[in-house]
Amino acid sequence: MASSSSPQRLLHLLSLILLLFAFCSIAESSQFCDAGIGYGESTCGVSSSSSTKLLIKGGTVVNAHEMEVADVYVEDGIIVAVRPNIKVGDDVTVLDATGKYVMPGGIDPHTHLAFEFMDSETIDDFFSGQAAALAGGTTMHIDFVIPVNGSLLSGLEAYEKKSKKSCMDYGFHMAITKWDEVVSKEMEIMVNEKGINSFKFFMAYKGALMINDELLLQGFKKCKSLGALAMVHAENGDAAYEGQRRMIELGITGPEGHALSRPPVVEGEATARAIKLASFMNTPLYVVHVMSIDAMEEISKARKSGQKVIGEPVVSGLVLNDSWLWDPDFITAAKYVMSPPIRAAGHGKALQAALSMGTLQLVGTDHCSFNSTQKALGIDDFQKIPNGVNGIEERMHLVWDTMVESGQISVTDYVRVTSTECARIFNIYPRKGAIRAGSDADIIILNPNSSFEISAKSHHSRSDTNVFEGWRGKGKVEVTISGGRVVWLNDELKVFPGSGKYVEMRPFSYLFNGIGKADERYLSSLKAPVKRFRATT
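Residues numbered from 1 in each chain as written. Predicted model: local features only at pLDDT ≥ 70, side-chain atom pairs only at ≥ 80, totals over all residues. Heavy atoms only, no water.

1. Some words on the overall build of the protein chain
- A tally of helices and strands in the protein chain yields 16 helices and 18 strands.
- Its C-alpha atoms give the protein chain a radius of gyration of 26 Å, within 12% of the compact-globule value 24 Å for 537 residues.
- Expressed along its principal axes, the backbone C-alpha trace of the protein chain runs to roughly 130 × 60 × 50 Å.
- When the 537 residues of the protein chain are sorted by exposure, 57% land in the buried category.
- Sequence-distant contacts in the protein chain: of pairs separated by 6 or more residues, those separated by 24 or more amount to 76%.
- Surface accessibility of the protein chain: about 23,200 Å² in total, with carbon and sulfur atoms responsible for 54%.
- Side chains of the protein chain give 53 positive and 62 negative charges; the mean places of these two sets differ by 7 Å. (Helix = DSSP H or I, 4+ residues; strand = E, 2+ residues; numbered from the N terminus. Rg over C-alpha atoms; globule rule 2.2 N^0.38 Å. Buried < 20%, exposed > 50% of the residue type's maximum accessible area, 1.4 Å probe, protein only. Contact = heavy atoms within 4.5 Å. Areas by Shrake-Rupley, 256 points an atom, 1.4 Å probe, with all protein chains shown as cover. Lys, Arg positive; Asp, Glu negative; His and termini not counted. Charge placed at Lys NZ, Arg CZ, Asp CG, Glu CD.)

Listed below in structure tokens is the structure:
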């Protein structure tokens, strides 16, 4: 009897072990999901079952210069055909877009994910920030790599590790924080080997990221030779530092002191200086987060003279004003602290008008989100409040509601300022920024008759606050398709870490067309050197 029951006991013991193993696996998977690492079924170890073949039927396909009612057929992440009445087999997933707009997914040119800054690190990393972006209709972003001890290669290595959890396509800009021959050589490597075609120079943050005019000139010269776009954070860092000291002396230590310490003139002066130095070097210039009339007018003046200057407003500067910085509740006021600051009422309207007229070309976010605990580091001194606001999830909705619903821009212009122009500037068009055969299947379906509401309770950022809290508007992204996969549908997000791809960006975008001829004209105009006879004695 004992011998016959031993195999049964062994089998029972084996079953228990298998059950225990399964329970542990489920527990591990639940912890993975509960930790907020993923969204949807795929985050719990189940791969997405979405079809590699998609047909978007009956929508109005919108590109930057045209729109038409057509079907869009996708295979293996690439748009195969755009035309009316496409016939497909039973193995194709069909999405009905009748009465809706089918557009290229948004491209955010300005983000800071997993960014270590002011004794904190942004609350959104390369997964949570990208997940939020996809829920809002943005399918690619370009983040800023910060050098490590001045080394571009070390900085890129650090960001390559940070971005391993990406769930959508992304690219990199590179910041320059010091200058020597090593940095110059590393810039060549970035452009020729690493797919980075833009470099950012901080004219602000004295004692940290700020560079001087000598470095700016050397950087501009190197960018020009490489066909890379020079970018500037345009604020006079010395003036901002003096402004901070002035506020502290006046006993103004709250969040309002931040805006008062760096008024529009500080932004306007640096923008003008950067533009003139770029003109001196005859190289294109990209001014990030244009927040004031002062800066916008300098860009307008330069463009009217024929200079190649790109102006990027961010959505917070377009739709908000600085009144919240005077809120008596510190947490409420502190969440609006960013640099350059959100300006007084009137600046946003002027920036909207400049965007509608083409003076400013595309909309970013400067998504650099810190939670209320992190912002509280500066509760006794506004200089210690980590600078940055959210926007990566809200941008597409707010630009539609503010600019299209108001009649300031057309539907085609909407595609241009949220996607296509960014793709052109950073030389990834028409792979990105277009609904056409051969382009990546990064697509959104926007319902102009549907409404949205913004709240920290429902957004996908890890932050516990939202600077657009309570905003209600029209025009909702109902479907997001990233790389041919439906990742946002019926208000549900299905993404998983590691599914995103790094997009290399080639140098010499359209902004460099004609630069060589302009240099030739300059050289021929010098009428020098002059041959002179030396007097003999």
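The rest of the description comes next.
2. Notes on the packing of aromatic side chains
- Tallied over the full model, the rule gives 16 aromatic pairs.
- Between the aromatic rings of Phe126 and Phe172, the centroid separation amounts to 6.3 Å while the plane-to-plane angle is 80 degrees, which identifies the pairing as edge-to-face. Note that Phe126 is positioned in the loop between strand S8 (120-121) and helix H2 (128-135) and Phe172 in strand S10 (residues 169-176), a separation of 46 residues in sequence.
- The class of Phe126 is buried, set by a relative accessible area of 0%.
- An angle of 10 degrees between the planes, with centres 5.6 Å apart, marks the rings of Trp324 and Tyr336 as stacked. You can see Trp324 sitting in the loop between helix H10 (315-319) and helix H11 (330-334) and its partner Tyr336 sitting in the loop between H11 and helix H12 (347-357), a full 12 residues away along the chain.
- Aromatic rings pair up to connect Phe126, Tyr159, Tyr170, Phe172 and Tyr502 into one cluster.
- Its end group placed over the ring of Phe144, Lys200 keeps NZ or CZ at 4.2 Å from the ring centre.
- Taking NZ or CZ as reference, Arg424 lies 4.0 Å from the ring centre of Tyr510, over its face. (Phe/Tyr/Trp six-rings, centres within 6.5 Å; stacked < 30°, edge-to-face > 60°. Lys NZ or Arg CZ within 6 Å of the ring centre and 35° of its normal.)

3. Re helix H6 (residues 237-249)
- Across its 13 residues, H6 extends 18 Å between first and last C-alpha, which sits within 8% of the 18 Å expected from 1.5 Å per residue.
- The complete set of buried residues in H6 reads Gly237, Ala240, Gly243, Gln244 and Met247. The buried residues of H6 occupy one face: seen down the axis, they fall within an arc of 115 degrees.
- In this structure, the buried residues of H6 make contact with helix H7 (256-261) and helix H8 (264-281).
- If you check the start of H6, you find a side-chain oxygen 3.1 Å away from the backbone N of Asp238, and it comes from Asn236.
- Just downstream of H6 lies Gly251, where phi reads positive at about 80 degrees. (Expected span 1.5 Å × (residues − 1). Arc of directions from axis to C-beta. Polar contact = N/O pair within 3.5 Å; in protein donor to acceptor, adjacent residues only side chain to side chain.)

4. Things to note about the sheet that holds strand S9 (residues 138-145)
- Taken together, 7 strands build an open sheet; the order of strands is S6-S9-S10-S11-S12-S13-S14 and the sheet is parallel. Each end of this open sheet is capped by a strand with a single partner; those strands are strand S6 (106-111) and strand S14 (309-311). Averaged over neighbouring strand pairs, the angle between their axes works out to 25 degrees when direction is ignored.
- Where S6 and S9 come together, 4 bridges link them in parallel fashion. Note that in S9 the partner of Gly106 across the bridge is Thr138.
- Where helix H5 (residues 213-226) meets the sheet, it contacts S10, strand S11 (198-202), strand S12 (229-233) and strand S13 (285-287), and its direction lies at approximately 175 degrees from that of S11.
- The sheet contacts of helix H14 (residues 395-404) involve S6 and S9, and relative to S6 the element is tilted by about 110 degrees. (Pairing = 2+ DSSP bridges. Axes fitted to C-alpha atoms, helices over the stretch in contact; angles between N-to-C directions.)

5. Things to note about the pattern of salt bridges
- This structure, assessed with the given rule, holds 25 salt bridges.
- The partner of Arg245 in a salt bridge is Glu242, with the nearest N and O atoms 3.9 Å apart. Residue Arg245 and its partner Glu242 are located together in helix H6, separated by 3 residues, close to a single helical turn.
- What you see here is one network of salt bridges that share partners, running through Asp169, Arg431, Lys432, Asp440, Asp442 and Lys501. (Salt bridge = Lys/Arg side-chain N within 4 Å of Asp/Glu carboxyl O.)

6. Regarding the nonpolar core
- One finds Met103, Phe199, Phe201, Phe220, Val232, Leu285 and Tyr414 to be the most contacted residues of the largest nonpolar core, which totals 111 residues.
- When sequence neighbours within four positions are dropped, the list of residues in contact with Phe201 reads Ile176, Ile211, Leu215, Leu216, Gly219, Phe220, Cys223, Ala230, Met231, Val232 and His233.
- Within the second largest apolar cluster, 18 residues are counted, among which are Ile142, Leu229, Cys422 and Ile428. (Core = buried A, V, L, I, M, F, W, Y, C linked by side-chain atoms within 4.5 Å.)

7. So, the side chain of Ser372
- Here Ser372 shows up in helix H13 (residues 372-375).
- At 2.5 Å, the side chain of Ser372 forms a polar contact with the side chain of Asp464.
- Ignoring any residue separated from it by four or fewer positions in sequence, one finds Ser372 in contact with Ile331, Asp464 and Thr465.

8. Let's talk about the side chain of Ser184
- Structurally, Ser184 can be placed in helix H4 (residues 181-193).
- Polar side-chain contacts of Ser184 include one of 3.2 Å to the side chain of Lys222.
- Contact partners of Ser184, with chain neighbours within four places excluded, come to Trp179 and Lys222.

9. Some details on the confidence of the model for the protein chain
- Of the residues in the protein chain, 90% have a pLDDT of 70 or more, and the chain-wide mean is 92.
- Note that residues 1-36 has pLDDT below 50 and, in this model, 10 contacts with residues that lie over four places away or in other chains.
- Segment residues 41-49 is flagged for pLDDT under 50; beyond a separation of four residues in sequence, or across chains, it makes 18 contacts in the model. (pLDDT = per-residue confidence, 0-100.)

10. Focus on the UniProt feature "domain: Amidohydrolase-related" (unreviewed entry) in the protein chain
- With numbering matched to this structure, UniProt assigns "domain: Amidohydrolase-related" (unreviewed entry) to residues 101-487.
- Along residues 101-487 one finds 37% helix and 18% strand; the C-alpha atoms at either end are 17 Å apart. (UniProt positions renumbered as here; feature names shortened; annotations may be inferred.)

11. Let's talk about the packing of helix H9 (residues 293-304) against H12
- Running from N to C, H9 and H12 cross one another at 25 degrees; their axes reach a closest spacing of 9 Å. Relative to H12, the element H9 lies roughly parallel. Between H9 and H12 lies a crossing whose hand is left-handed. Here Ile293, Asp294 and Met296 of H9 lie close against H12, whose contacting residues are His347, Ala350, Leu351 and Ala354. (Parallel < 35°, antiparallel > 145°, perpendicular 65-115°, else oblique. Left-handed = near helix turned anticlockwise from the far one by under 90°.)

12. Regarding the environment of Asn149
- Within the element layout of this structure, Asn149 appears in the loop between S9 and helix H3 (152-162).
- Exposure remark for Asn149: the relative accessible area of 73% places this residue in the exposed category.
- Asn149 sits 28 residues away from Thr177 along the chain, and the two C-alpha atoms are 8.7 Å apart.

13. A few points about helix H16 (residues 515-525)
- Where burial is concerned, little of H16 is hidden: 1 out of the 11 residues are buried.
- Looking at the residues trailing H16, positive phi occurs at Lys527, about 50 degrees.

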